[in-house]
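Examining the three-dimensional arrangement
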Amino acid sequence: MKALLLIDIQNDFVPGGRLAVPDGDAIIPLVNALQSRFDLVVASQDWHPAGHQSFASSHAGKAPFDQIDLHGLPQTLWPDHCVQETPGVALHPALDTRQVEAIFRKGMAPDIDSYSAFFDNGHRKATGLADYLRGRGVTDVYLAGLAGDYCVYFSALDALAMGFATYVVTDATRAINADGFRTALADLQRNGARLLESSVLLDSPQQ
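Residues numbered from 1 in each chain as written. Predicted model: local features only at pLDDT ≥ 70, side-chain atom pairs only at ≥ 80, totals over all residues. Heavy atoms only, no water.

An unreviewed UniProt entry annotates the protein as nicotinamidase originating from Hymenobacter jeongseonensis. As its UniProt record puts it under Sequence similarities (unreviewed entry), the protein is described as follows: "Belongs to the isochorismatase family." Per UniProt, the protein carries the Pathway (unreviewed entry) text "Cofactor biosynthesis; nicotinate biosynthesis; nicotinate from nicotinamide: step 1/1." (UniProt positions renumbered as here; feature names shortened; annotations may be inferred.)

Encoded structure:
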C-alpha cells in the first residue's frame, strides 16, 4: 500500500509567512492533483509553543540562522514560526485536505526541535506516524512538501530507517536553500530513496 506524506504545507512556510520557503506555494496544485493517486494521504504540521528554544528570539544576542548547541544537539535558530494559535500554523487554505486521513503534529516539546514527521531531532520521542502507517498496511511512502532541505529530508531519512520504500516527489517539494536541497537529495539517494517527478505518478494509469 502506498501513502503520500504531505510535509508542513503551512502558512508560515509559504511566501508571506514567517519562515517562507521560496516558491513554496507553487507545489500546492501538484500536491492536490497527486492525492487521488494514493491509497492513503497523511499530513504533518509544525506546532510550536510560544518561546520554543529553536527560535532565535529565545536566545539573547542571537539572530535567525545562527548555529548553536541546544541540549547536546546542533541547532539552527529560526524566526518564530508555526506558533500554536497563530494564523501561520494552519495548513495552507489552498491545500485540499479532504483526503487527509490524519495529521501528525511535531515540535511541541519546547526544548527540542523536530524536523522529521517521525521523530524529534534527538530521536527521543516518536510521533506515532510509523506505527500508524504500518497499522494501515503501508509499505511505500512518497514525500512532498516543505522544506526539502530540512523537514522533507529528515522525514525521508527516518522513513528509510523505519523500513519503508521511500520516494521524494522532487517537483512537489521546495527548499530553503537550493544547494542544501541538492545535497539532501544526493544523501537520500545514497541511503536508498528514489527520486521522481509528479508526472510519473500523474501520467500513469489510475489504479
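Let's pick the thread back up.
**Overview of the packing of helix 3 (residues 151-161) against helix 4 (residues 178-190)**
Remark: helix 3 packs on helix 4, axes separated minimally by 10 Å, with the N-to-C direction vectors making an angle of 5°. Put simply, helix 3 runs roughly parallel to helix 4. Residues Tyr 153, Ala 156, Leu 157 and Leu 160 of helix 3 form the contact with helix 4, whose own contacting residues are Ala 184, Asp 187 and Leu 188. Residue classes in the contact of helix 3 with helix 4 are distributed as six nonpolar, no polar and one charged. (Axes fitted to C-alpha atoms, helices over the stretch in contact; angles between N-to-C directions. Helix = DSSP H or I, 4+ residues; strand = E, 2+ residues; numbered from the N terminus. Parallel < 35°, antiparallel > 145°, perpendicular 65-115°, else oblique. Contact = heavy atoms within 4.5 Å. Nonpolar A, V, L, I, M, F, W, Y, C, P; charged D, E, K, R; others polar.)

**A look at unusual backbone geometry**
Look at the link from Leu 146 to Ala 147: it is a cis peptide, with omega at -15°. Counting through the fold element by element, Ala 147 comes out in the loop between strand 6 (140-146) and helix 3. One non-glycine residue, Glu 85, lies in positive phi territory at about 70°. Mapped onto the elements, Glu 85 comes out in the loop between strand 4 (73-76) and strand 5 (100-106).

**Considering empty space enclosed by the protein**
Evaluated as defined, the whole model comprises three cavities of 30 Å³ or more. Computed from the structure, the largest cavity encloses a volume of approximately 120 Å³. As for the largest cavity, its lining consists of 16 residues, and the residues nearest its centre are Phe 13, Leu 19, His 81, Tyr 150 and Cys 151. Counted by class, the lining of the largest cavity contains 10 nonpolar, three polar and three charged residues. (1 Å grid on protein atoms, 1.4 Å probe; cavity = no way out; pocket = protein on both sides within 12 Å on 5 of 7 lines; lining within 4 Å. Points joined across faces, edges and corners; volume = space filled by probe spheres on them.)

**Description of the pairing of strand 1 (residues 2-7)**
Of all six residues in strand 1, six are buried, a share of seventy percent or more. Judged by which residues are buried, strand 1 turns out to be covered on both faces: Lys 2, Leu 4 and Leu 6 on one side and Ala 3, Leu 5 and Ile 7 on the other are all buried. As judged from the six bridges shared by strand 1 and strand 6, these two strands associate in the parallel manner. For Leu 4, the partnering residue across the bridge sits in strand 6 and is Tyr 142. Inspection of the sheet shows strand 1 paired to strand 2 (residues 40-46) by five bridges, in the parallel sense. Considered in strand 2, the bridge of Leu 5 is made with Val 42. (Buried < 20%, exposed > 50% of the residue type's maximum accessible area, 1.4 Å probe, protein only. Pairing = 2+ DSSP bridges.)

**Describing helix 3**
With eight of 11 residues buried, helix 3 is to be regarded as a mostly interior element. Along helix 3, the positions that sit buried rather than exposed are Cys 151, Val 152, Tyr 153, Ser 155, Ala 156, Asp 158, Ala 159 and Leu 160. Where helix 3 is buried, its residues touch strand 1, strand 5, strand 6, strand 7 (165-174) and helix 4. Gly 163 sits one or two residues past helix 3 and shows a positive phi near 95°.

**Here we look at the pattern of salt bridges**
For the coordinates displayed, the defined rule picks out eight salt bridges. Across the pair Arg 98 and Asp 96 runs a salt bridge, and its minimum N-O distance is 2.8 Å. Residue classification places Arg 98 among the exposed positions, given a relative accessible area of 75%. Judged by relative accessible area, Asp 96 falls into the partly exposed class, the value being 23%. Between Arg 136 and Glu 101 there is a salt bridge, with the nearest N and O atoms lying 2.7 Å from each other. Remark: Glu 101 occurs in strand 5 and Arg 136 occurs in the loop between helix 2 (129-135) and strand 6; sequence separation between them is 35 residues. By relative accessible area, which is 43% here, Glu 101 ends up partly exposed. One network of salt bridges, with partners in common, ties together Asp 8, Asp 46 and Lys 106. (Salt bridge = Lys/Arg side-chain N within 4 Å of Asp/Glu carboxyl O.)

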